[in-house]
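Per-entry structural report
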Amino acid sequence: MHQSTLAQLSVALESKQISSEELTRLYLDRCKKYNDSLNCFITINEDEAIEKAKFADQQRADNKHTALTGIPVAQKDIFCTNGIKTSCGSKMLDNFIAPYDATIVEKMNNAGFVTLGKTNMDEFAMGSSNETSFYGAVKNPWNTEYVPGGSSGGSASAVAARLAPIATGTDTGGSIRQPASLCGITGLKPTYGRVSRYGMIAFASSLDQGGPMALTAEDAALMMNVIAGFDERDSTSAEQTVDDYTEKLNDSIEGLKIGLPKEYFGEGLDSNIAKIVEEGIKELEKLGAVCKEIELPNTELSIPAYYVVAPAECSSNLSRFDGVRFGHRCEEPTDLSDLYCRSRGEGFGKEVKRRIMIGAYVLSAGYYDAYYLKAQQIRHLIRDDFQNAFKDIDVIAGPTATGTAFKLNEMIDDPVSMYLSDLYTVSVNLAGLPAISVPAGFVNNLPVGMQLIGNYFEESRLLNIAHQFQQATDHHKAIPGGFE
Ligand code: GLN
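Residues numbered from 1 in each chain as written. Predicted model: local features only at pLDDT ≥ 70, side-chain atom pairs only at ≥ 80, totals over all residues. Heavy atoms only, no water.

Moving on, we get to the side chain of Thr132. In this fold, Thr132 is placed in the loop between β3 (114-119) and α5 (153-160). One polar contact links Thr132 to Asp122, side chain to side chain, over a distance of 2.9 Å. One polar contact links the side chain of Thr132 to the main-chain amide nitrogen of Glu123, over a distance of 2.9 Å. (Helix = DSSP H or I, 4+ residues; strand = E, 2+ residues; numbered from the N terminus. Polar contact = N/O pair within 3.5 Å; in protein donor to acceptor, adjacent residues only side chain to side chain.)

Here is the structure:
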């Protein structure tokens, strides 16, 4: 049963093949059994989950349920969960019990989902390998000597190992798509503003976006139907009407115009990855899509622009963690300045401190014009590149990541190499576009994802293409050895 998709679990619950309590216990047993080796959960909510599952069974008996009532989910530990520890992967929030639910969590709870636990992540979502977590690195189920990607590495590892049928992630510069690629699952980063950020701990507010990490595009669509929509508690959430994301899944993609950016297939891309992605694109051509080469000339500026904008916003967002209101407080501060310095010095890890310092620097009076303003101008150029491209094509296809999963500790002392591995994902966030990563094959038994980028609010189209691809291929069905 744990190999099932959401769509299959929904049928199994409806036909009473299994109860939510049985299903929840089955997943909880797997979580407990494998968490020692994968470290993908920070918190496992056994008691609350079983309570919630019993309630879901009652709702089904009373005919007050939705199609998803009683299905377990893993929530990334960046989302506030009422009464449950919400650490954001940091010592700073190790003692923080959220007093309310994030909108995503509230919507999923209302739809009847059962929260199994909170998944491990890079500290404050800063990282690409899940090694910056205060709770230790997460392991990739395809090979536990390798990273799962980051920052939503706990969610990706949990779904890939079938410890949860679906999970939430957040993507500021690739953190849904890159771990989805490295763990062989499907991850959708929605358009900026499509899913509420209320209760999602902020990293870089103009880039952050929550979304589904699932086994299939169909499952991602089912979850999008629950979480998407306007939220008056998030002033950046979009008032745009919400699609039924399952409606177009089965549409033909005959005649679909795909753009292949020449900048995505050149230097920097591992040739084995290029081959897999090219085969994936051929598969889409067999389904009737037509491809043409396009240019996104400012691609090479996306990493430098992102690593100015994201730290700038993080230095501002993280100023609230000062040891006064909540979070870590140092022992016996001598005065206010000592309280700030030691609480922050002890509470934050190395990567977070590095970003805060870069951010404070690029925002400082003397350097604002040279760095922050320039980065914002580049951001406009990148957005314009995409808009020019979308005049002639429907979607863009390419790799999600520059390589497969890398070995634990291989890059942790080389932040610049780590930053460069975000080459194909960050420009999507700078432009605020939606994008999906789908499993496309393997290199040395490690998964490779193919990325599809759409125009604003075209999540339905991306899910349709991804679903058609998954109807024609089996890559998304592969299960890592030892987790069957
Ligand atoms: N790897 C990128 C970073 O370190 C993206 C992180 C994210 O999307 N949260 O900032």
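The next point concerns empty space enclosed by the protein. All told, the structure shown has 3 cavities of 30 Å³ or more when counted by the stated rule. Of the residues belonging to the lining of the largest cavity, the class tally is 5 nonpolar, 8 polar and 2 charged. (1 Å grid on protein atoms, 1.4 Å probe; cavity = no way out; pocket = protein on both sides within 12 Å on 5 of 7 lines; lining within 4 Å. Points joined across faces, edges and corners; volume = space filled by probe spheres on them. Nonpolar A, V, L, I, M, F, W, Y, C, P; charged D, E, K, R; others polar.)

Surrounding the ligand, one finds 15 residues, the nearest of these being Ser128, Gly173, Ser175, Tyr306 and Arg355. A distance of 2.8 Å separates a nitrogen atom of the ligand from a polar atom in the backbone of Ala125. Relative to its unbound accessible surface of 290 Å², the ligand loses 99% to contact with the protein. Applying the majority rule of atoms within 2 Å of the grid points places the ligand in the largest cavity. (Near = heavy atom within 4 Å. Areas by Shrake-Rupley, 256 points an atom, 1.4 Å probe, with all protein chains shown as cover. Sits in = over half its atoms within 2 Å of the grid points.)

Of note, Ser129 is situated in the loop between β3 and α5. Assessed through its relative accessible area of 0%, Ser129 is described here as buried. The sequence separation of Ser129 and Lys407 amounts to 278 residues, and the corresponding C-alpha distance is 9.4 Å. Beyond its immediate sequence surroundings of up to four residues, Ser129 is in contact with Asp122, Val147, Pro148, Gly149, Gly150, Phe406 and Met418. Among the polar contacts made by the side chain of Ser129, one reaches the side chain of Glu131 at a distance of 2.6 Å. (Buried < 20%, exposed > 50% of the residue type's maximum accessible area, 1.4 Å probe, protein only. Contact = heavy atoms within 4.5 Å.)

Inspection of every chain in the model, using the stated rule, returns 0 disulfides. The thiol of Cys31 is not disulfide-bonded; the next cysteine sulfur, from Cys40, is found 7.0 Å away. Judged by relative accessible area, which is 0%, Cys31 ranks as buried. (Disulfide = S-S within 2.5 Å.)

Okay, the nonpolar core next. Of all hydrophobic cores here, the largest spans 139 residues; its most connected members are Phe113, Phe124, Leu163, Leu284, Phe386 and Leu463. If you tally residues by element for this core, the top one is helix α9 (residues 302-317), at 9 residues. Every residue in contact with Phe386, bar those within four places of it in the chain, is listed here: Tyr264, Leu296, Ile396, Ser427, Val428, Ala431, Leu433 and Ile453. Formed by 10 residues, the second largest nonpolar core is a distinct cluster that contains Tyr146, Ala401, Met418 and Leu446. (Core = buried A, V, L, I, M, F, W, Y, C linked by side-chain atoms within 4.5 Å.)

This part takes up the pattern of salt bridges. Taken as a whole and assessed by the stated rule, the structure comprises 21 salt bridges. Measuring nitrogen to oxygen at the nearest pair gives 3.0 Å for the salt bridge that ties Glu14 to Arg60. Of this pair, Glu14 sits in helix α1 (residues 6-14) while Arg60 sits in helix α3 (residues 46-61), and the two are 46 residues apart along the sequence. Residue Arg60 is classed as buried on the basis of its relative accessible area, which comes to 10%. Notably, a salt bridge pairs Arg25 with Glu21, separated by 2.9 Å at the nearest N-O pair. In this pair, Arg25 and Glu21 both sit in helix α2 (residues 20-38), 4 residues apart, roughly one turn of the helix. A network of salt bridges, in which partner residues are shared, links Glu106, Asp231 and Arg233. (Salt bridge = Lys/Arg side-chain N within 4 Å of Asp/Glu carboxyl O.)

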